[in-house]
Amino acid sequence: MNSVAIYPGTFDPITNGHIDILLKASEVFDTVILAVAENSGKNSYFSIEERTKLCTIATKDIPRVQVKSFQGLVVDFAKTINASVMIRGLRAVSDFEYELQLALMNKKLCKDINTMFLVPDSKYLYLSSSLIKQITQLGGELDEFIPLCVKEALNNKHKILD
Ligand code: COA
């Protein structure tokens, strides 16, 4: 049977840390759907269209990965794409409590979907989308942590907003 996993997130913007998790997941599942959340409770810097487009460009060479955006509950979207596993990255102990809460709440909402945690490469352990936005806005160079398309999008956005 075709195994489908969903990798949901805000991806505002996608970083090489997310891509590292995605590569690992794509080795385990037949299909991995990177699901960009429209409503994640965060005020996003990039629009849903921009976040989805950046994810699509950044992952175009990874086999078995598709990018989709969704509204509403992630478990409802997971059901529509027949995903039985939800992938989440665990970077540090500080992620654990929030991730456990999400995993247990999602399990409560849909008993058929299990969460699988993957650990990124150690060089991405302290990476986050917020830090990337802050550092690039202040002129810092972080080429090894973001795809080229994200670097260009951040530079363009900063220029427009400056
Ligand atoms: N490498 C680098 N950074 C990583 C990472 C990795 N491997 N894994 C996570 N992060 C960072 C992200 O960049 C992000 O940083 P930021 O806070 O600075 O933006 C942070 O960790 C967490 O982001 P993300 O993994 O995108 O999760 P999220 O908490 O933003 O998104 C959703 C959570 C979208 C999955 C959740 O809100 C959701 O499912 N929403 C839909 C509505 C719903 O169903 N709610 C009920 C859930 S029980």
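One can find the structure itself at the top, above this paragraph.
So, here is what we can say about the structure in this document. Because the structure is predicted, anything quoted here is derived from the model rather than measured.

Cut-off values and rules
Residues numbered from 1 in each chain as written. Predicted model: local features only at pLDDT ≥ 70, side-chain atom pairs only at ≥ 80, totals over all residues. Heavy atoms only, no water. Disulfide = S-S within 2.5 Å. Buried < 20%, exposed > 50% of the residue type's maximum accessible area, 1.4 Å probe, protein only. Pairing = 2+ DSSP bridges. Helix = DSSP H or I, 4+ residues; strand = E, 2+ residues; numbered from the N terminus. Axes fitted to C-alpha atoms, helices over the stretch in contact; angles between N-to-C directions. Core = buried A, V, L, I, M, F, W, Y, C linked by side-chain atoms within 4.5 Å. Phe/Tyr/Trp six-rings, centres within 6.5 Å; stacked < 30°, edge-to-face > 60°. Lys NZ or Arg CZ within 6 Å of the ring centre and 35° of its normal.

Structural notes on the state of the cysteines
Covalently bonding the sulfur atom of one cysteine to the sulfur atom of another cysteine gives a disulfide.
And step 1. Counting across every chain of the model gives 0 disulfides.
And step 2. With no disulfide of its own, Cys149 has Cys55 as its nearest cysteine by sulfur position, at a separation of 8.5 Å.
And step 3. On the accessibility criterion, Cys149 (15% relative accessible area) is buried.

Looking at the sheet that holds strand β5 (residues 114-118)
And step 1. Read across the open sheet, the 5 strands follow the order β3-β2-β1-β4-β5; overall the sheet is parallel. Since the sheet does not close on itself, it has two edges, and those belong to β3 (65-70) and β5, each with one partner. Strand-to-strand, the axes of this sheet are offset by a mean angle of 30 degrees, without reference to chain direction.
And step 2. When strand β2 (residues 31-37) meets β3, the two strands line up parallel, connected through 6 bridges.

Some thoughts on the nonpolar core
And step 1. Core analysis: the largest hydrophobic core is formed by 32 residues, its most contacted members being Ile14 and Ile87.
And step 2. When residues of this core are traced back to their parent elements, those giving at least two are β1 (4-9), α1 (16-26), β2, α2 (48-58), β4 (85-89) and α6 (148-161).
And step 3. Among the nonpolar cores identified, the runner-up in size contains 15 residues, and Ala35, Phe77, Met86 and Ile113 belong to it.

Remarks on the pairing of β4
And step 1. Most of β4 sits out of view: 4 of its 5 residues are buried.
And step 2. When β1 meets β4, the two strands line up parallel, connected through 2 bridges. Residue pairing in the sheet places Ala5 in a bridge with Val85 of β4.
And step 3. Across 5 bridges, the pairing between β4 and β5 is parallel. By the bridge assignment, Gly89 is partnered in β5 with Leu118.

A look at the packing of aromatic side chains
And step 1. Scanning all chains against the criterion turns up 4 aromatic pairs.
And step 2. Centroid distance Tyr7 to Phe11: 5.4 Å. Interplanar angle 75 degrees. Geometry classified as edge-to-face.
And step 3. Residue classification places Phe11 among the buried positions, given a relative accessible area of 3%.
And step 4. Ring centres 5.2 Å apart and planes at 10 degrees place the aromatic pair Phe70 and Phe77 in the stacked group. Comparing Phe70 with Phe77, the two get one shared label, buried.
And step 5. Across the ring face of Tyr45, the terminal group of Lys157 is positioned such that the distance to the ring centre comes to 5.8 Å.

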